[in-house]
Amino acid sequence: MLEFATRYRCVIISLTIASVASALASDTCAPNPIAVRVGNVTLANHQVARGAEIQVGDPPQSFAFLPQWPYNTSFVYGIDGHCVFRRDAPTKDGCTTIRGGAYDAFASKTRQVAYPEDFPEENAPFPETTLAADRLKLNEDVALADFPFGVALNDWGAEGYHPMACLGLGTNSTFLNKLKESGKIASRTWSFFWGRNGGSSTSQIDGSLVFGGYDRAKLSSGERYVEKLQYSTSPCSTQMVVTITDMALNFPNGTNVSIFPKSLSTALTACIVPDYPVLLTLPSDPFVDNFLKLTDAADDHVRSLGINYFALRYSPDEKWYDGDMTIKLQSGLVVRVPNDQLVVPSVDIDPTTGKLVANYTNPDLVINGIQGINANDMPQLGRQFLSAAYLMVNQDAGQFSLWAANPATDEDLVAVDVNDVDMTATCESNAPVITDSSSPTPSPEKTSPSSSGTIAGAVIGGVCGLAILGVLVFWIIKKRRQVPLKASEQDRVMHSHAENDALQQLSVEPKSELPDSSLLIPVELEHPIQRSAGPYELGG
């Protein structure tokens, strides 16, 4: 009887230890990161736009999204894309390409009601939107049901700088929060590689937007450089501030010449803006002027009004630069932008058909020289910079990382935790992980009843000690992991309080920087007269 009781207790305690081990294992594994292709996306008008390929609704409607900041909410444009900023008055098909897609709410069987409380406060310029919720398909394996987003009711003055469907990746991003809360990613981390476009088709490579980690195949063998996100009053909307210490022209003959003036003792502080349509903005005096002088180019240039919005545009009869450019950061990162990403065909959108039209006679130099009242603006590093550099941002850890990029088509996804540490063990999202902690036990020897009791007591004591030790280890690990979470949880609470305060103020006197709350209503709840009065895409 004593032997049976002893074995029973051992089984119970063994199960306890297995449970603790399982909890530890599940706490140290992570869901596989989610990779979204960045490239040419075929839209409803049968034309293409370059961006992150995400489908909305059922049947799926394809969009080319671009990440934007400091937005927490995502939004698309509807069947009326409001392309009023274009002087050539685009048709519906032309506007669809400009906006990266056109959402037809009533064509989707999975559209749901969305409410204002599903949307965080926005302190940035933002188009007026009506609200929707629908299915977002990120790739063949991952989709989000009933995801809340806005549908733009007007053009909001961003012109060709930020014209497309927006995936809001701000500090309180509904998209990142939804992925993490549903167990699809281990941390609110995203990574971005623009890929390579422009030039010949052989030099074009798809990029990727990864959530919950990064793509190790896109990294060169160089070092990782980590910087803190600037949450203060920095004019950088993305909070990713870097310092440029030099920019050099790499001529085909092997000569390297800096465009920084020799007398300049200070470096340039710049803001990384991944969706910005050129390589970088740069003060014309002295930097762009030096570039043009060193490359024997003309002093004055017209501006591109196409995809590479406001880039300098070469004339057919002047000499085009045929070398590369190296950018050095204070952190130690050095990246080289190849010529086929620096001087590219000037691509515009046909306003009637929405087709991309390339001009090889007047190519674009993807640098925006800033001058006049904008001369002292913080320079921005845009898309083509992220053809040469790879970026990862961890909102939970409050920091971002840069590597020199490897323009590869291979994929090797690595999950990252809230502390910005790689997680080598992967597990299914929301699935418990059970580890087999059993081990072979030797055959029991014959013993007297008294010695059996003594041995059983010793075994039970030893097993209980192991169980207690396991629980203590589990508790310590959990406590350590909860430390960085407290800051992010507190940040969410602060956002929540700020949102409630803002909504209360809106009911009395709306702030000028926030959208009119009267427009933040579900389509299904609009007054019938209001629905029939306007030409907006969600009416009717």
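Residues numbered from 1 in each chain as written. Predicted model: local features only at pLDDT ≥ 70, side-chain atom pairs only at ≥ 80, totals over all residues. Heavy atoms only, no water.

A.B. asks: Go over the overall build of the protein, please, and point to the residues and values.
C.D. replies: Helices and strands together make up the secondary structure of the protein, namely 8 helices and 27 strands. The long-range share in the protein, meaning contacts at least 24 apart out of those at least 6 apart in sequence, stands at 72%. In the structure as shown, the protein presents an accessible area of about 25,400 Å², 54% of it carried by carbon and sulfur atoms. (Helix = DSSP H or I, 4+ residues; strand = E, 2+ residues; numbered from the N terminus. Contact = heavy atoms within 4.5 Å. Areas by Shrake-Rupley, 256 points an atom, 1.4 Å probe, with all protein chains shown as cover.)

A.B. asks: Tell me what's going on with helix α3 (residues 174-181), and back it up with residues and numbers.
C.D. replies: By the criterion of burial, α3 is predominantly enclosed, with 6 of the 8 residues buried. Within α3, the full set of buried residues consists of Thr 174, Phe 175, Leu 176, Asn 177, Leu 179 and Lys 180. You can read the cap of α3 off the contacts: a side-chain oxygen lies 3.2 Å from the backbone nitrogen of Phe 175, and it is on Ser 173. Just beyond α3, the residue with positive phi is Gly 183, at close to 75°. (Buried < 20%, exposed > 50% of the residue type's maximum accessible area, 1.4 Å probe, protein only. Polar contact = N/O pair within 3.5 Å; in protein donor to acceptor, adjacent residues only side chain to side chain.)

A.B. asks: An account of the sheet that holds strand β17 (residues 312-313) is needed here, citing residue identities and associated values.
C.D. replies: The sheet built from 4 strands is open, its strands ordered β16-β17-β21-β20 with antiparallel pairing. Each edge of the open sheet carries a strand with a single partner, namely β16 (302-303) and β20 (343-349). (Pairing = 2+ DSSP bridges.)

A.B. asks: Can you break down the packing of aromatic side chains residue by residue, with the values?
C.D. replies: In total, this model carries 18 aromatic pairs according to the counting rule given. Ring geometry for Phe 75 versus Tyr 77: centroids 5.8 Å apart, planes at 75°, classification edge-to-face. Linked through ring pairs, Tyr 71, Phe 75, Tyr 77 and Trp 156 together constitute an aromatic cluster. It is Arg 99 that lies over the ring of Tyr 77; its NZ or CZ is 4.0 Å from the centre. (Phe/Tyr/Trp six-rings, centres within 6.5 Å; stacked < 30°, edge-to-face > 60°. Lys NZ or Arg CZ within 6 Å of the ring centre and 35° of its normal.)

A.B. asks: So, a negative patch on the surface: which residues are in play, and what are the values?
C.D. replies: A surface patch of negative charge is lined by Asp 285, Asp 289, Asp 299 and Asp 300. Within the element layout of this structure, Asp 289 appears in helix α4 (residues 284-294). (Patch = residues over 30% accessible without salt bridge, like charges linked within 9 Å, V, L, I, M, F, W, Y side chains within 5 Å. Salt bridge = Lys/Arg side-chain N within 4 Å of Asp/Glu carboxyl O. Lys, Arg positive; Asp, Glu negative; His and termini not counted. Charge placed at Lys NZ, Arg CZ, Asp CG, Glu CD.)

A.B. asks: Describe the pattern of salt bridges, and please don't skip the residues or the numbers.
C.D. replies: All chains considered together, the criterion is met by 12 salt bridges. Arg 99 is paired through a salt bridge with Asp 155; the nearest N and O atoms lie 2.9 Å apart. Of the two residues, Arg 99 sits in helix α2 (residues 92-99) while Asp 155 sits in the loop between β6 (143-152) and β7 (166-168), which places them 56 residues apart along the sequence. Judged by its relative accessible area of 1%, Arg 99 falls in the buried class. The partner of Asp 412 in a salt bridge is Arg 216, and the shortest N-O contact between them spans 2.9 Å. Of the two residues, Asp 412 is situated in the loop between β25 (399-404) and β26 (413-416) and Arg 216 in the loop between β10 (213-215) and β11 (225-228); the sequence distance between them amounts to 196 residues.

A.B. asks: Before we move on, can you summarise the pairing of strand β19 (residues 334-337) with the specific residues and values?
C.D. replies: By the alternation rule, side chains of β19 split into Val 335 and Val 337, which are all buried, and Val 334 and Arg 336, of which none is buried. Sheet analysis places strand β18 (residues 324-329) next to β19, joined by 4 bridges and oriented antiparallel. Bridging from a neighbouring strand, Met 325 pairs with Val 337 of β19.

A.B. asks: Describe the sheet that holds β26, listing the residues and the values that go with them.
C.D. replies: Overall, antiparallel pairing links the 3 strands, which are arranged β10-β26-β27 in an open sheet. The open sheet terminates on both sides in strands that have one partner only, identified here as β10 and β27 (422-423). In the sheet, β26 pairs with β27 via 2 bridges, with the strands oriented antiparallel. Following the sheet pairing, Ala 415 is matched in β27 by Met 423.

A.B. asks: Just give me the short version of the pairing of strand β21 (residues 356-365), but keep the residues and values in it.
C.D. replies: Pairing between β17 and β21: 2 bridges, direction antiparallel. If you follow Leu 312 over to β21, its bridge partner there is Leu 365. In this structure, β20 lies alongside β21, joined through 6 bridges in antiparallel fashion. Looking across to β21, one finds that Val 343 is bridged to Leu 365. Between the end of β20 and the start of β21, which pair antiparallel, lie 6 residues, with Gly 354 showing a positive phi angle near 85°.

A.B. asks: Quick one: what's the story with the environment of Val 36, residue by residue and with numbers?
C.D. replies: Along the chain, Val 36 falls in strand β1 (residues 34-42). On a C-alpha basis, the gap between Val 36 and Val 210 in space is 6.1 Å, while along the polypeptide they are 174 residues apart. The contact partners of Val 36, leaving out residues within four places of it in the chain, are Ala 52, Glu 53, Ile 54, Leu 138, Gly 207, Ser 208, Leu 209 and Phe 211.

A.B. asks: Quick one: what's the story with the confidence of the model for the protein, residue by residue and with numbers?
C.D. replies: On average, residues of the protein score 80 in pLDDT, and 73% of them reach the 70 mark or higher. Note that pLDDT drops below 50 for residues 15-26; the model gives that stretch 17 contacts with residues more than four away or on any other chain. In the model, residues 430-464 has pLDDT below 50 throughout and makes 24 contacts with residues more than four positions away in sequence or in other chains. (pLDDT = per-residue confidence, 0-100.)

A.B. asks: Any chance you could break down the side chain of Thr 281 for me, citing the residues and the numbers?
C.D. replies: On the secondary structure map, Thr 281 appears in strand β15 (residues 280-283). Accessibility expressed as a relative area gives 2% for Thr 281, which makes it buried. Polar contacts involving the side chain of Thr 281 include one to the main-chain amide nitrogen of Gln 380, which spans 2.8 Å. Residue contacts for Thr 281: discarding those within four places in its chain leaves Tyr 276, Asn 368, Ile 370, Met 378, Pro 379 and Gln 380.

A.B. asks: Give a detailed account of the nonpolar core, specifying residues and quantitative values.
C.D. replies: Where a protein is soluble and globular, its nonpolar side chains tend to be buried together. If you look at the biggest cluster of nonpolar residues, it comprises 91 residues, and the most contacted ones within it are Phe 175, Trp 190, Phe 211 and Phe 385. Considering every element that reaches this core, the biggest residue donor is strand β12 (residues 241-250), with 5 residues. If we skip the residues at most four places from it in the chain, Phe 175 touches Ser 74, Leu 136, Leu 138, Leu 144, Phe 147, Leu 167, Gly 168, Leu 169 and Phe 211. Ranked by size, the runner-up nonpolar core spans 11 residues in total, among them Val 210, Leu 219, Trp 403 and Ala 405. (Core = buried A, V, L, I, M, F, W, Y, C linked by side-chain atoms within 4.5 Å.)

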